[in-house]
Amino acid sequence: MSLRVSYSPNYYSLDDILATQERVPCKVALTIQKMGHLNPSVAERDLQPGTSLELPLWLVSELSQSRAPLVNPELPKIYREAYREILKADACAVDLHKFSLFFYELGSHIKRFDKKQDVHETLLHTFRTRFRQLMDLADNSMSDPTVQQTLDILERKLFNDAYKARMKLNTWLKDSNTTIEAANMVINHKKRKRMNIEDLL
Amino acid sequence: MDPDELEFLGEKVYVSIIPTFNNDGIHLISGDLGPFRASLPVNVPLWVAVSLKRQKKCKIQPPDWMDMQKLEYIKEQEKQSSGFTKMPSDHYMVEAKLLLECAPDDIPRADEVRTIIKDIWDIRMSKIRSSVTKLVKNSDFYAAVDNLTVMEINSVRPILPHALDHLFRMKNTEKTRPTQSSNVSSFLLSKRASTSFHLSPVTSSNTED
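Definitions and cut-offs
- Residues numbered from 1 in each chain as written.
- Chains lettered and ligands numbered in written order.
- Predicted model: local features only at pLDDT ≥ 70, side-chain atom pairs only at ≥ 80, totals over all residues.
- Heavy atoms only, no water.
- Helix = DSSP H or I, 4+ residues; strand = E, 2+ residues; numbered from the N terminus.
- Buried < 20%, exposed > 50% of the residue type's maximum accessible area, 1.4 Å probe, protein only.
- Contact = heavy atoms within 4.5 Å.
- Areas by Shrake-Rupley, 256 points an atom, 1.4 Å probe, with all protein chains shown as cover.
- Salt bridge = Lys/Arg side-chain N within 4 Å of Asp/Glu carboxyl O.
- Pairing = 2+ DSSP bridges.
- Axes fitted to C-alpha atoms, helices over the stretch in contact; angles between N-to-C directions.
- Arc of directions from axis to C-beta.
- Core = buried A, V, L, I, M, F, W, Y, C linked by side-chain atoms within 4.5 Å.
- Domains from an automatic or database assignment.
- Disulfide = S-S within 2.5 Å.
- Parallel < 35°, antiparallel > 145°, perpendicular 65-115°, else oblique.
- Left-handed = near helix turned anticlockwise from the far one by under 90°.
- Nonpolar A, V, L, I, M, F, W, Y, C, P; charged D, E, K, R; others polar.
- pLDDT = per-residue confidence, 0-100.
- Expected span 1.5 Å × (residues − 1).

A.B. asks: How should I be thinking about the overall build of chain B in this particular structure?
C.D. replies: Summing up its helical and strand segments, chain B has 8 helices and 5 strands in all. Element order for chain B, N to C, with α for helix and β for strand: α-β-β-β-β-α-β-α-α-α-α-α-α. The buried share of chain B, taken over its 209 residues, is 43%. Residue pairs in contact within chain B that sit at least 24 positions apart in sequence constitute 71% of those at least 6 positions apart. Accessible surface, chain B: about 11,700 Å² in total, of which carbon and sulfur atoms supply 55%.

Written as structure tokens, this is what we have:
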């Protein structure tokens, strides 16, 4: 899949939809009426200001952007100072998969809530540092499924593409009796056409 | 792109063969081949040469550069320079692979040639690797890729263009909260911009895998 359709800002990007599902801690700023059930620890009808909640990112970004924000977003803990320090020390040693499945995607959204832009720097730094490792993995791992376990979704996609390409090059270098196959795009193109015709009939 | 597709492109290179048969020539869309006269050298595309060789109808004359002295010189140059040196052919890997595979008997010291070409390839690949990591890590703005051959460029795809696209995306997504404007209409406008999807920041080139 080309990059153009698989990542935000693309309305149909599944990764973006999944990434914005992640919960973000936030504090309620105004009284929100009849929403007391969002805070299960108190049996009140209205949501009081100052309550700490964890809401999905898509909701938080809408609620916090208006002129009188309903909630004040905070950084999830993996983007806070302590975790940023870990990443700064050695990003390669970190199990990013454990941090978050969508570390980069989520981070690109979260950094709007970070006024000092440290998150932005951390994301770039992490990606740059881990790229070398990623390339080495893709070039040298021989069908070992465990190597992917420390990568987040975005890295995993890069890894899979690179790994496939590397395997193709290696097979080409070793033996040549492979036949040229029709490109995926061509095959899919035909299929889609046929489906469209059936739909019309 | 697949290496096989690049091989297909590389097969258009002309090589000189000495046919062992007589023929008035073959007329193809891409041009005429021949006429073939036994033991008179003639230039044909690589794919024709390989196919004739497989039928044992010709001897292939290896290209000038497929010669130990020249290759050793290239290897030394490649070792010494920090950049990439000019290769004798844009498809040297394809040519070497096909010719060494089907006509090792026509190439003098074929085994040594095979080894040295592999050496040159390895040196160049390690240079590519180190410069790619440097490019990403130090966030340089450009990389000099002169004298790289197609097959070598293809070896860093799709990982390099995709990684650069992601970096670009991460840099470009808005860093701070949009400035909170005082009137509602501009707020709505800014909202619309943030959800529209033809504002794709991905660079138009190098997006295919």
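More follows now that the structure is in view.
A.B. asks: Help me understand the pattern of salt bridges in this model?
C.D. replies: Counted according to the given criterion, the structure contains 26 salt bridges over all chains. Between R84(A) and E81(A) there is a salt bridge; the shortest N-O distance is 3.1 Å. A residue pair is termed a helical-turn pair when its members lie 3 or 4 positions apart in one helix, as R84(A) and E81(A) do in helix α4 (residues 81–89) at 3 residues. Look at R84(A) and you get buried, because its relative accessible area is 10%. A salt bridge links D105(B) to K53(B); the shortest N-O distance between them is 3.3 Å. You can see D105(B) sitting in the loop between α4 (92–102) and α5 (110–137) and its partner K53(B) sitting in helix α2 (residues 46–54), a full 52 residues away along the chain. When its relative accessible area of 59% is taken as the criterion, D105(B) is described as exposed. You can call K53(B) buried: its relative accessible area is 11%. Each of R132(A), D136(A), D139(A), R166(A) and R129(B) takes part in a single network of salt bridges with overlapping partners.

A.B. asks: Help me out: how do you make sense of the pairing of strand β1 (residues 23–28) of chain A in this one?
C.D. replies: Note on strand geometry: in a regular strand, side chains alternate between the two faces of the sheet. Residue and element names in this part refer to chain A. In terms of strand pairing, β1 meets strand β2 (residues 52–56) through 5 bridges, oriented antiparallel. When the sheet's bridge partners are listed, P25 is paired in β2 with E54. Bridge count for β1 against strand β3 (residues 71–73) is 3 bridges, and the pairing is antiparallel. The partner of K27 across the bridge, within β3, is N72.

A.B. asks: Just checking my understanding: could you explain the sheet that holds strand β1 (residues 14–19) of chain B for this structure?
C.D. replies: Backbone hydrogen bonds are what pair the strands of a sheet, in a parallel or an antiparallel way. All names here are of chain B. The strand order β4-β1-β5 describes an open sheet built from 3 strands, whose pairing is antiparallel. At either margin of the open sheet sits one strand with a lone partner, and together these are β4 (42–45) and β5 (58–61). The sheet shows a mean angle of 45° between the axes of neighbouring strands, taken without regard to direction. Across 4 bridges, β1 lies against β5 in antiparallel orientation. Its bridge partner being in β5, S16 is matched across the sheet by Q61. Sheet contacts for α2: β1, β4 and β5; angle to β4, the most-contacted strand, approximately 100°.

A.B. asks: What is the right way to look at helix α1 (residues 3–10) of chain B in this model?
C.D. replies: An α-helix turns once every 3.6 residues. As a result, residues three or four positions apart point the same way. All buried positions along α1(B) are accounted for by P3(B), D4(B), L6(B), E7(B) and G10(B). Seen from one end, α1(B) has its buried residues packed into an arc of 160°, which puts them on one side. For α1(B), the elements touching its buried residues are α8 (153–174) of chain A together with α2, α4 and α6 (150–155) of chain B.

A.B. asks: I keep staring at the nonpolar core and nothing clicks. Help me out?
C.D. replies: As a rule of thumb, nonpolar side chains are buried together in soluble globular proteins. The biggest cluster of nonpolar side chains holds 91 residues, and the ones touching the most others in it are F103(A), I17(B) and I117(B). In terms of residue count, the dominant contributor to this core is α5(B) (11 residues). Summarising the domain contributions, this core has at least three residues from each of domain 1 (23–75) and domain 2 (76–201) of chain A. Setting aside chain neighbours within four positions, we find I117(B) in contact with W65(B), L71(B), Y92(B), M93(B) and A96(B).

A.B. asks: Sorry, what's going on with the state of the cysteines here?
C.D. replies: Note on terminology: a disulfide is the covalent bond linking the sulfur atoms of two cysteines. Residue and element names in this part refer to chain B. For the coordinates displayed, the defined rule picks out 0 disulfides over all chains. No disulfide involves C58; its sulfur sits 7.9 Å from that of C102, the nearest cysteine. Judged by its relative accessible area of 16%, C102 falls in the buried class.

A.B. asks: Looking at this structure, I do not really get the packing of helix α7 (residues 118–140) of chain A against helix α7 (residues 159–172) of chain B. What am I missing?
C.D. replies: Helix packing geometry: the angle between the two helix axes and the distance between the axes. Interaxial distance between α7(A) and α7(B) falls to 10 Å at its minimum, and their mutual angle equals 170°. One element, α7(A), and the other, α7(B), form an angle in the roughly antiparallel class. Here H120(A), L123(A), L124(A), F127(A), R128(A), F131(A), L134(A) and M135(A) of α7(A) come into contact with α7(B), specifically with I159(B), A163(B), H166(B), L167(B), M170(B) and K171(B).

A.B. asks: Would you mind going over the sheet that holds β1(A) with me for this structure?
C.D. replies: Residue and element names in this part refer to chain A. The strand order across the open sheet built from 3 strands is β2-β1-β3, with neighbouring strands paired in antiparallel fashion. Of all strands in the sheet, those with a lone pairing partner are β2 and β3, marking the two edges. Sheet twist, expressed as the mean angle between neighbouring strand axes with direction ignored, is 45°.

A.B. asks: Looking at this structure, I do not really get the packing of α4(A) against α7(A). What am I missing?
C.D. replies: Residues and elements named next belong to chain A. Closest axis-to-axis distance for the α4/α7 pair is 10 Å, and the angle between their directions is 30°. Taken together, the axes of α4 and α7 are roughly parallel relative to one another. Classified by chirality, the crossing of α7 by α4 is left-handed. From α4, R84, L87 and K88 reach across to α7, where they touch D118, V119, T122, H125 and T126. Broken down by class, the residue content of the contact of α4 with α7 amounts to 2 nonpolar, 3 polar and 3 charged.

A.B. asks: I keep staring at the confidence of the model for chain B and nothing clicks. Help me out?
C.D. replies: Interpretation of the predicted coordinates at a detailed level should be avoided for regions scoring low in pLDDT. Put simply, chain B has an average pLDDT of 79, and 83% of its residues get 70 or more. Across residues 176–209 of chain B, confidence stays below pLDDT 50; counting only partners more than four residues off in sequence or on other chains, it has 55 contacts.

A.B. asks: Please clarify how helix α3 (residues 68–80) of chain B should be interpreted in this entry.
C.D. replies: All names here are of chain B. In this model α3 runs 18 Å from its N-terminal to its C-terminal C-alpha over 13 residues, within 8% of the 18 Å that 1.5 Å per residue would give. Those residues of α3 that sit buried are M68, L71, I74, K75 and E78. Axial view of α3: buried residues confined to an arc of 125°, hence all on one face. Pointing more than 90 degrees away from the buried face of α3 are the exposed residues Q69, Y73 and Q80. Where α3 is buried, its residues touch α5.

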